[in-house]
Amino acid sequence: MNKLVCKIKSMNGRGSKCGLLLVAIMVATVGLAACGSAGPEPTATPTKTPGGEQPVLAATATPASAAQPAPTTPSEPAPTAAEEPAADVSTPAPEIAVVVNTPILNVRSDPNTSANIVREAKQGDQFEVLDRSADGGWIQLGENGQALGWASADYLQVSAGDAGVSTGAPAGDQAAAEQPATVQPSGPPAGGYLPSTMLSPDYGAQAFLWWKPEVAHRDLELMKNGGFNWVKQAFAWETIEGAGKGQYDWSVADRVVRDVNASGLKLLARVSSDPEKTNFWPGPPPGNAGNFAEFVGALAARYNCTAQAVGCIQAFQIWNEPNLAREWGNNQPSPAQYADFLRQAYSAIKAVNPNAIVISAGMAPTGTNDNTAMPDDVFYEQMYQAMGSSNGYFDMLGVHGAGFAAPPELDPAEAAANKDQYGGYRFFAFRHVEDIRAIMERYGDSGKKIVLLEFGWTFDSVNASYKWHGADAGIDQFVQADYLKRAYQYAAANWPWVGLMSLLTMPNVDWLDDGNPQDEEQYWWAIMDPSPTDVRMRAAFIVLCDYFNEVQFNLYCPYDPDPSRRGQR
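Conventions adopted
Residues numbered from 1 in each chain as written. Predicted model: local features only at pLDDT ≥ 70, side-chain atom pairs only at ≥ 80, totals over all residues. Heavy atoms only, no water. Core = buried A, V, L, I, M, F, W, Y, C linked by side-chain atoms within 4.5 Å. Buried < 20%, exposed > 50% of the residue type's maximum accessible area, 1.4 Å probe, protein only. Contact = heavy atoms within 4.5 Å. Axes fitted to C-alpha atoms, helices over the stretch in contact; angles between N-to-C directions. Helix = DSSP H or I, 4+ residues; strand = E, 2+ residues; numbered from the N terminus. Parallel < 35°, antiparallel > 145°, perpendicular 65-115°, else oblique. Left-handed = near helix turned anticlockwise from the far one by under 90°. Nonpolar A, V, L, I, M, F, W, Y, C, P; charged D, E, K, R; others polar. Disulfide = S-S within 2.5 Å. Phe/Tyr/Trp six-rings, centres within 6.5 Å; stacked < 30°, edge-to-face > 60°. Lys NZ or Arg CZ within 6 Å of the ring centre and 35° of its normal. Pairing = 2+ DSSP bridges. Right-handed = clockwise from strand over helix to strand, strands pointing away. pLDDT = per-residue confidence, 0-100.

## Points about the nonpolar core
Soluble globular proteins tend to bury their nonpolar side chains together.
Thinking step 1. Judged by nonpolar contacts, the single largest core of 107 residues is most densely connected at F235, F316, I318, Y338, F455 and F541.
Thinking step 2. In this view, F235 contacts W210, I240, A253, V256, V257, L267, A269, R270, V271, S272, L299 and I313; residues no more than four positions away in its chain are not counted.
Thinking step 3. V98, A121, A151 and A153 belong to the second largest nonpolar core, which has 15 residues in total.

## Description of the packing of helix α7 (residues 335-352) against helix α8 (residues 376-387)
Thinking step 1. Between α7 and α8, whose axes approach to 8 Å, the crossing angle comes to 60°. Judged on the interaxial angle alone, α8 and α7 are oblique. Handedness of the α7/α8 crossing: right-handed. Where α7 approaches α8, its residues P335, A336, Y338 and A339 are matched on the opposing element by F379, Q382, M383, A386 and M387.
Thinking step 2. Partitioned by chemical class, the residues of the contact of α7 with α8 number eight nonpolar, one polar and no charged.

## Points about the state of the cysteines
When the sulfur atoms of two cysteines share a covalent bond, that bond is a disulfide.
Thinking step 1. Enumeration over the complete set of coordinates arrives at two disulfides.
Thinking step 2. Between the sulfur of C305 and that of C312 lies a disulfide, 2.1 Å long from S to S. In this structure the cystine formed by C305 and C312 twists about its S-S bond by roughly 80°; its chirality is therefore right-handed.
Thinking step 3. The disulfide that involves C545 links it to C557, with 2.1 Å between the sulfurs. Judged by the torsion about the S-S bond (95°), the C545/C557 disulfide is right-handed. Here C557 lies in the segment after α14 (539-553) and C545 lies in helix α14, a separation of 12 residues in the sequence. For the pair shown, C545 and C557 are each scored as buried.

## Considerations on the packing of aromatic side chains
Thinking step 1. Applying the stated criterion across every chain, the model contains 42 aromatic pairs.
Thinking step 2. Look at Y488 and F548: their rings are 5.1 Å apart centre to centre, the planes differ by 90°, and that puts the pair in the edge-to-face class. Of this pair, Y488 sits in helix α13 (residues 477-494) while F548 sits in helix α14, and the two are 60 residues apart along the sequence.
Thinking step 3. Taking relative accessible area as the criterion, Y488 reaches 0% and is therefore assigned buried.
Thinking step 4. Geometry around F394 places K448 over its ring, the cationic atom sitting 5.0 Å from the centre.
Thinking step 5. Directly above the aromatic system of Y523 lies the positively charged group of R538, at a separation of 4.5 Å from the ring centroid.

## A look at the pairing of strand β11 (residues 230-236)
Thinking step 1. Of all seven residues making up β11, five are buried, and the element is well covered by its neighbours.
Thinking step 2. Direction of pairing for strand β10 (residues 202-206) relative to β11: parallel, over a ladder of three bridges. In the strand pairing of β11, A205 is matched with V231.
Thinking step 3. On the question of chirality, the crossover connecting β10 to the parallel β11 by way of helix α3 (residues 213-225) is right-handed.
Thinking step 4. Where β11 meets strand β12 (residues 266-272), seven bridges bridge the pair, whose relative direction is parallel. Bridge assignment links A236 to a residue of β12, and that residue is S272.

## Focus on the packing of helix α6 (residues 289-302) against α7
Thinking step 1. Packing of α6 against α7 leaves a shortest axis separation of 8 Å and a crossing angle of 25°. The pairing of α6 with α7 is recorded here as roughly parallel in orientation. In this structure, the crossing between α6 and α7 has a hand that is right-handed. Between α6, through A289, G290, F292, A293, V296, G297, A300 and A301, and α7, the contact on the second element is made entirely by F341, Q344, A345, A348, I349 and V352.

## Remarks on the confidence of the model for the chain
Thinking step 1. Looking at the chain as a whole, the pLDDT averages 82, with 78% of positions reaching at least 70.
Thinking step 2. Contacts of residues 160-170 to residues separated by more than four positions or lying in other chains number 23 contacts, the stretch itself having pLDDT below 50.
Thinking step 3. Counted against residues more than four places away or in other chains, residues 172-183, with its pLDDT under 50, gives 16 contacts.

Structure follows, in structure tokens:
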């Protein structure tokens, strides 16, 4: 079997030592077995698929023996072409028109998700309605009486006749088109919203659900069946309240929240703004603290997990890496200022959803201590001094825990002592999280948990700032997979105070936009390849899927291509 691993690694152009750990051997074996298997339907961005970097561990979107029932979402149905019956269509009134209400929408040759994508439609595009499928779920679009293709009615709104004014009603419901545009609570999914609670450790990952609904639906299903319990998604302030104070555009946020709720995953919202957006009306932190608190309060109220809510956000991360000047309005990092910023946001969230989990920002790992940055341990220490008590500021402390070149069990003292191999600072070890825990306990905060908002290992072989602790440190995708699993195992055995461990990362298909995803450093942290047309699992996804399903359900990973490794163990 070691020869088999070497053969795969040689095919990848990596060539490396044989005798990998047993789990990597298993992953490589299933990688070969998976070649040629089918993946889920294409997404809305027709870009190239990266190749030659690793074996493609392909998997279908709905496994034959899933660990849990597949999520139910308002997305397009996903039968295979062989299973899809011929559409029985009826012709609606010819004067009806529809408007696209999602950023990108696939238009297909037939009314099913197995059909070819014939074009893309953009938000605001208007089309004639030529036909409708019998179940109302698909609309045939036209221009000047000529058929263009079929699109999901979930992402179309009926337009009010020749006036071209959208009523906000879904195209699948003509009667609703008679009513004025209103936003109605959808109500909780069957069984109710999931509670705002965490296992120790709990399993989650960053995902990119905002702009491409089909990719979002696919990735949520993969995560749920893969044994993840949480998904972390960025809610950029400027994308919701960008037009001005109190002028909210909830359209994309509503879809994202409802899709996550329907998937059976819990949602951690990272709430912040793009530090490069210098013309955003509230200005940068810390001066925007009051406006930010009002915004996050509106966000929490809208998704406060009640029966009357539009949806449910179980946890909120307040800002990101304020120990860096570039994330703090290009001002010198100030733990006291961030503490006050956090306090205002906490109060606003708790006023509308007392059960929500409020998590402080994670800090960037850095050894710099000047006007541009502050080491994370120094920042946390001064933040505790400014707070006096964390009550009224956060429910759980957010921490970042990248592993760099070190295996997850390495003592931070060894990372500090061995500069050539590990970097020469304690924060170059995953277990540096224990240093932050010691600060919490010193200030009497042992009753609260730590949430790892980001952690992982890169196998970057391209970008100079990262390759030293990636490929140059001997980390490839198989070592990455092993280290991630061992990190969860170490935490389970040694960290009773840890909650969610949200890893970096599910893929972002936007990395493909320039034709070369490898120049995007996040590409090398991801546990899957970015692809709009199929599922390309890396070793890490299969290894973690198998581990999460084993420890939680005593099941195999439902995406394992080996049919003998399905269902109950």
